[in-house]
Every structure is written in C-alpha cells, then in structure tokens.
Amino acid sequence: MTMLKYLPDDYDAKGQLRLPLLFWLILLLQARTWLLLLMAGASRQQGNDLLALFYPDRQSFWLGLLLGVPAALGLLLTGYRQRWPRLWQAWRGVLSLALLINLIWQGAQLAQGDLQASPLPLLLSLFDLLALIWLQLNARLRDCFLPEHNQG
C-alpha cells in the first residue's frame, strides 16, 4: 500500500498536483510591468502618467518588461504541463533566474541611490527576495514541477 504525500483534494481532475495560490501571486509579482502596461492601456488618458509614475526612466520600463517575460510565459505554460513536461520542469529554474537577475538589477539601482525617492522599490525587492526563497524551498511547489505529479 502506497502512502499519498498529498491529500486527494490537492490534485485536480486531470491528476495533476494543484499549483499553490502563492505561486500564482509570484507570477503576477514578476509580471508586474506587463500588468502596469495593461492598466495604462486600459486608462487611455492617464496611461502615460501612470507609466511615468512607476517608471520615470524608460530604460527601466523596457527592462521590467523583459524580466517579466518568463512569468508571463509561465502563466501560459501552466496549462501545458502534461504536454511539455521537460519544459515545465525547467521553468522553475527560469523563473528563479529571472527573479535573481531582477534582484541584482534592483540592488544596483539601490546602491546608486536612484530609488531613494520612494520606498516602493525596496518593498518590491523584499517581495522578490521572499519569492525567490519560496520558489527554491517549498516542497509542494517543487513537486508540482516533477513529471510524476503532472500525469493524468
């Protein structure tokens, strides 16, 4: 008789281990520039003001979009865990690498004193650090990326 590591409710109808809610929030955190771009596009008149508020430097905006691509693709890839298991298994590392690069970039900006006007970048850096730690250490999330937990 085999012991189940997780409760039956932790699996979906396809037999895949459900992704934790915090994982979805981390993806949204990583894709925050894309979300801001969508909000700016939806609020036509104030769109430029909204982007200028969060990204006064255009270079930071483009870099934020680039660093948000792995999370945006991760949101799409969650539906294809069974179809592309090797890509899905590697995606946890891709998300972690994107978070690490983002942390290094934010640390460099903080060290230069570019972000002293607002505590928001420091808070986002803290959230990114916590997200990176959780992505690496959470056992259930690690199991969600293993092929044996994604077979239907």
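Quick caveat: nothing in here was measured; it's all calculated off a predicted structure.

Cut-offs used in this document
Residues numbered from 1 in each chain as written. Predicted model: local features only at pLDDT ≥ 70, side-chain atom pairs only at ≥ 80, totals over all residues. Heavy atoms only, no water. Helix = DSSP H or I, 4+ residues; strand = E, 2+ residues; numbered from the N terminus. Buried < 20%, exposed > 50% of the residue type's maximum accessible area, 1.4 Å probe, protein only. Contact = heavy atoms within 4.5 Å. Areas by Shrake-Rupley, 256 points an atom, 1.4 Å probe, with all protein chains shown as cover. Lys, Arg positive; Asp, Glu negative; His and termini not counted. Charge placed at Lys NZ, Arg CZ, Asp CG, Glu CD. Core = buried A, V, L, I, M, F, W, Y, C linked by side-chain atoms within 4.5 Å. Salt bridge = Lys/Arg side-chain N within 4 Å of Asp/Glu carboxyl O. Axes fitted to C-alpha atoms, helices over the stretch in contact; angles between N-to-C directions. Parallel < 35°, antiparallel > 145°, perpendicular 65-115°, else oblique. Left-handed = near helix turned anticlockwise from the far one by under 90°. Nonpolar A, V, L, I, M, F, W, Y, C, P; charged D, E, K, R; others polar.

### Thoughts on the overall build of the protein
Then, number 1: Check the secondary structure of the protein and you find 7 helices and 0 strands.
Then, number 2: With 152 residues in all, the protein has 38% of them scored as buried.
Then, number 3: Within the protein, contacts between residues separated by at least 24 positions form 72% of all contacts whose residues are at least 6 apart in sequence.
Then, number 4: Surface accessibility of the protein: about 9,700 Å² in total, with carbon and sulfur atoms responsible for 66%.
Then, number 5: Between the mean site of the 12 positive side-chain charges and the mean site of the 9 negative ones, the protein shows a separation of 7 Å.

### Details of the nonpolar core
Then, number 1: Judged by nonpolar contacts, the single largest core of 24 residues is most densely connected at L19, F23, W88, L95, L135, L141 and F145.
Then, number 2: Listing elements by their share of this core, those giving two or more residues are α1 (21–30), α4 (58–77), α5 (85–112), α6 (120–137) and α7 (139–144).
Then, number 3: Beyond its immediate stretch of four places on either side in the chain, L95 contacts F23, L27, Q30, P70, A71 and L135.

### Section: the pattern of salt bridges
Then, number 1: Using the criterion set out here, one finds 3 salt bridges in the structure.
Then, number 2: A salt bridge links K5 to D143, with the shortest nitrogen-to-oxygen separation between them at 2.9 Å. In this pair, K5 sits in the segment before α1 while D143 sits in helix α7, placing the two residues 138 residues apart along the sequence.
Then, number 3: Classification of D143 as buried rests on a relative accessible area of 6%.
Then, number 4: We note a salt bridge from R32 to D128, for which the minimum N-O separation is 2.9 Å. Taken together, the residues span a long stretch of sequence, with R32 in helix α2 (residues 32–42) and D128 in helix α6 at a distance of 96 residues.

### Concerning the packing of α1 against α5
Then, number 1: In contact at an axis separation of 11 Å, α1 and α5 are set at 50 degrees when each is read in the N-to-C sense. Taken together, α1 and α5 sit at an angle that is classed as oblique. In this structure, the crossing between α1 and α5 has a hand that is left-handed. Contacts between α1 and α5 pair F23, L27 and Q30 from the former with W88, L95, A98 and L99 from the latter.
Then, number 2: The residue makeup of the contact of α1 with α5, split by class, is 6 nonpolar, 1 polar and no charged.

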